[in-house]
Amino acid sequence: MKMKKVLLSILLLAICIYSYAQKTFTSLDELLDFAKTKNISIQQGEIKMTQAKKAKLVAIANVIDPAINSTASFTDNIGLPVNVFPAETFGGQPGTFREIRAGVQYVTNLNQNVDIKLLNFGGWENLKLAKFNIESTESDNKITLKNLYNNIASSYYNIVSLKEQIKSTQENISTSETLLKIAQNKLEQGWVKQQDVNDAKANFLNTKENSRQLEFLTQQNELSLKILCDIPENDSIVINPKP
């Protein structure tokens, strides 16, 4: 009993590990919204647009092309000049004099000039190219998005149409199988010829083959949608449009 529980646990674990996600879409708009967020080409286009806008900002900043020139000097006056002043000015005896060194020992000078080029032809040309790059990238992104949406819509409606055909074909298979059995019974009773049975059997087999081809075409269109929407190949995709 314990062995059975262990085997059951292992089986359930394997099912969890190897189970794949299933994505269901009930409308074309829902599928397009999903693809817009997942498609690698769309994401790359958005990155290029961001880079193009940043390049434009850099070009705008470089149009002014400011040139800043700074000069600085520092002087240490070690030997200051000696001047003679009346001592009584500093509280000394009248009629006497005092030697005093006068002046500024440390002198610092800082000069800064800003030169702005109003006619920076190179900067204007780079700005022009940056604007053109944005327009070109925006145009490419629109074309990529349009082609993506067209291809997705084509595969989506193909799947919807094929599924309707499969439903009809399944009904035809049931009908042709019933007719085959009726023909076989009538043959046993001698009411029809063998050729009639052969025709009924051929119709039954052709209907089944048609159903298999429709299933194959549906799978191919589902695979196309996975590629267009960047859905993992192992995930299943279900198109179930609302009535």
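Further up the page is the structure itself.
Throughout what follows, the structure given in this document is the object of discussion.

### Topic: the overall build of the protein chain
When you go through the protein chain residue by residue, the secondary structure sums to 5 helices and 6 strands. Going from N to C terminus, the protein chain has its helices and strands arranged as α-β-α-α-β-β-β-β-α-α-β. Across the 243 residues of the protein chain, 21% fall into the buried class. Carbon and sulfur atoms provide 56% of the accessible area of the protein chain, an area that totals close to 18000 Å².

### Structural notes on the packing of aromatic side chains
On inspection of all chains with the given rule, the structure shows 2 aromatic pairs. Between Y156 and Y157 the ring centres are 5.2 Å apart and the planes differ by 85°, which places this aromatic pair in the edge-to-face class.

### Observations regarding the pattern of salt bridges
Tallied over the full model, the rule gives 4 salt bridges. Measuring nitrogen to oxygen at the nearest pair gives 3.9 Å for the salt bridge that ties K167 to E164. Residue K167 and its partner E164 are both found in helix α4 (residues 121-188); the two are separated by 3 residues, about one turn of the helix.

### Side note on unusual backbone geometry
Of note, D230 is a non-glycine position whose phi angle comes to about 55°, a positive value. Counting through the fold element by element, D230 comes out in the loop between α5 (194-229) and β6 (236-239).

### Points about the pairing of β6
The side-chain alternation of β6 yields one buried face, formed by I237 and I239, and one unburied face, formed by S236 and V238. Across 4 bridges, the pairing between strand β1 (residues 22-25) and β6 is parallel. What sits directly across from K23, in β6, is I237.

### Some remarks on the nonpolar core
F25, L31, I152, L225, C229 and I239 are the most contacted members of the largest nonpolar core, which has 18 residues in total. Within the second largest apolar cluster, 6 residues are counted, among which are I173, L180, A183 and A200.

### Describing α5
In this model, α5 (36 residues) spans 53 Å end to end at C-alpha, consistent with the 52 Å of a helix rising 1.5 Å per residue. Of the residues trailing α5, D230 is marked for its positive phi of about 55°.

### A look at helix α2 (residues 28-38)
The complete set of buried residues in α2 reads L28, L31, L32, F34 and A35. Here the buried residues of α2 occupy an arc of 165° about the axis, which is enough to place them on one side. Exposed residues lying more than 90 degrees from the buried face of α2 are D29, D33 and T37. Among the residues of α2, the N-terminal cap falls to S27, whose side-chain oxygen and the backbone nitrogen of E30 are separated by 3.2 Å.

Calculation notes
- Residues numbered from 1 in each chain as written.
- Predicted model: local features only at pLDDT ≥ 70, side-chain atom pairs only at ≥ 80, totals over all residues.
- Heavy atoms only, no water.
- Helix = DSSP H or I, 4+ residues; strand = E, 2+ residues; numbered from the N terminus.
- Buried < 20%, exposed > 50% of the residue type's maximum accessible area, 1.4 Å probe, protein only.
- Areas by Shrake-Rupley, 256 points an atom, 1.4 Å probe, with all protein chains shown as cover.
- Phe/Tyr/Trp six-rings, centres within 6.5 Å; stacked < 30°, edge-to-face > 60°.
- Salt bridge = Lys/Arg side-chain N within 4 Å of Asp/Glu carboxyl O.
- Pairing = 2+ DSSP bridges.
- Core = buried A, V, L, I, M, F, W, Y, C linked by side-chain atoms within 4.5 Å.
- Expected span 1.5 Å × (residues − 1).
- Arc of directions from axis to C-beta.
- Polar contact = N/O pair within 3.5 Å; in protein donor to acceptor, adjacent residues only side chain to side chain.

Remember, this is a structural readout, not a statement about activity or role.
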